[in-house]
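Residue strings, one per chain:
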Amino acid sequence: MEIERNTVELGDKKSYAGIPEAEFVEEVDEFMKRTENNGNVDDVLKRLDSQHAKYKFMEYNLSLSMIEELEKQKEEFETQFLLSEQVFAKAKVPPTETVCLWLGANVMLEYSLEDAKKLLTQNITAATRNLGYVEHDLDFLRQVLIIYLNKGGCLIFLMLN
């Protein structure tokens, strides 16, 4: 088996695909005390929902792109797949009319390329709509936060004068 190393520089990016980096929260108490979180669980959960929706959106788009490529393939082609951490293996892929999609909860189903494309398109539409809802809710929460900050500033002014 041949192991190839990619020598392309990433620069400031964490991923070749532009996937945003997720932070693991080890100390929830300290995380909630951060200025951007302001101890508000609802704001944090909305932001995490937004981040999750973006990941799902990217996942659906990548899967849809792959299905479109498989539809174009009329001859066998060679590719590499991740076998384990940093180890890739070569594989020959014959032309196919079906793909297997992970549905979640450790469930995978086989679909025709057409049905898989239809399902992923529906999922992208739903993810886009849900992302819009979450972003709208975040905008609303920002406005509420501004009102609270303004009230706090006025109360401090009142106390000092």
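Because the structure is a prediction, the values reported are computed rather than measured.

(A) Examining the overall build of the protein chain more closely. Looking only at helices and strands, the protein chain has 3 helices and 4 strands in total. Each of the 161 residues in the protein chain was classed as buried or not, and the buried ones make up 15%. Pairs at least 24 residues apart make up 44% of the contacts formed inside the protein chain by residues separated by at least 6 positions. With the model as given, the accessible surface of the protein chain reaches about 13,000 Å², and the carbon-plus-sulfur share is 57%.

(B) Focus on the side chain of Asn37. As for its placement among the helices and strands, Asn37 is situated in the loop between α1 (28-33) and α2 (41-72). Residue Asn37 is classed as buried on the basis of its relative accessible area of 0%. Once you skip the residues sitting within four places of it in the chain, Asn37 turns out to touch Phe31, Met32, Val44 and Arg47.

(C) Spotlight on the UniProt feature "coiled-coil region" (unreviewed entry) in the protein chain. Here the UniProt feature "coiled-coil region" (unreviewed entry) sits at residues 60-87. Annotated as 46% helix and 32% strand, the span residues 60-87 places its first and last C-alpha atoms 25 Å apart.

(D) Helix α3 (residues 113-160), seen in detail. Spanning 48 residues, α3 covers 69 Å between terminal C-alpha atoms, matching the ideal 70 Å at 1.5 Å per step. Of the positions making up α3, those classed as buried are Leu113, Ala116, Leu120, Ile124, Ala127, Leu131, Val134 and Leu138. At its buried positions, α3 is contacted by α2, β3 (98-104) and β4 (107-112).

(E) Representation of the confidence of the model for the protein chain in the model. Across the protein chain, the average pLDDT comes to 81, with 88% of residues at 70 or higher. When pLDDT is averaged over each helix and strand of the protein chain, the minimum, 83, is found for α2 and the maximum, 92, for β4. Scored below 50 in pLDDT, residues 1-8 shows 11 contacts in the model against residues more than four places distant or in partner chains.

(F) Region of interest: a nonpolar patch on the surface. Together, Val41, Leu45 and Leu48 give the surface a local cluster of nonpolar side chains, amounting to about 250 Å² of exposed area. Within the secondary structure, Val41 sits in helix α2.

So, how was this worked out
- Chains are numbered independently. Their residues run from 1 in the order of the written sequence.
- In keeping with the predicted nature of the model, local features appear solely for residues at pLDDT of at least 70, side-chain atom pairs appear and are counted solely at 80 or more, and the whole-chain, interface and lining totals rest on all residues.
- Side-chain numbers here rest on the full set of heavy atoms in the structure, without hydrogens or water.
- Per the convention used, a helix needs a DSSP run of H or I reaching at least four residues, while a strand needs a run of E reaching at least two, with both numbered from the N terminus.
- Burial status follows relative accessibility: with a 1.4 Å probe on protein chains alone, a residue under 20% of its type maximum counts as buried, one over 50% as exposed, and anything between as partly exposed.
- Here a residue-residue contact requires only that any non-hydrogen atoms of the pair lie within 4.5 Å.
- Each accessible area is a Shrake-Rupley result for a 1.4 Å probe, and residues are judged covered by the shown protein chains and nothing else.
- UniProt positions are given in the numbering used here, feature names are shortened, and annotations may be inferred rather than shown by experiment.
- Here a helix's expected span is defined as the number of its residues, less one, multiplied by 1.5 Å.
- For every residue, the predictor assigns a confidence score, pLDDT, that lies between 0 and 100.
- Within the patch definition used here, like charges are joined within 9 Å and nonpolar side chains (Val, Leu, Ile, Met, Phe, Trp, Tyr) within 5 Å, considering only residues with over 30% relative accessible area and no salt bridge.
- The working definition used for a salt bridge is a side-chain nitrogen of Lys or Arg within 4 Å of a carboxyl oxygen of Asp or Glu.

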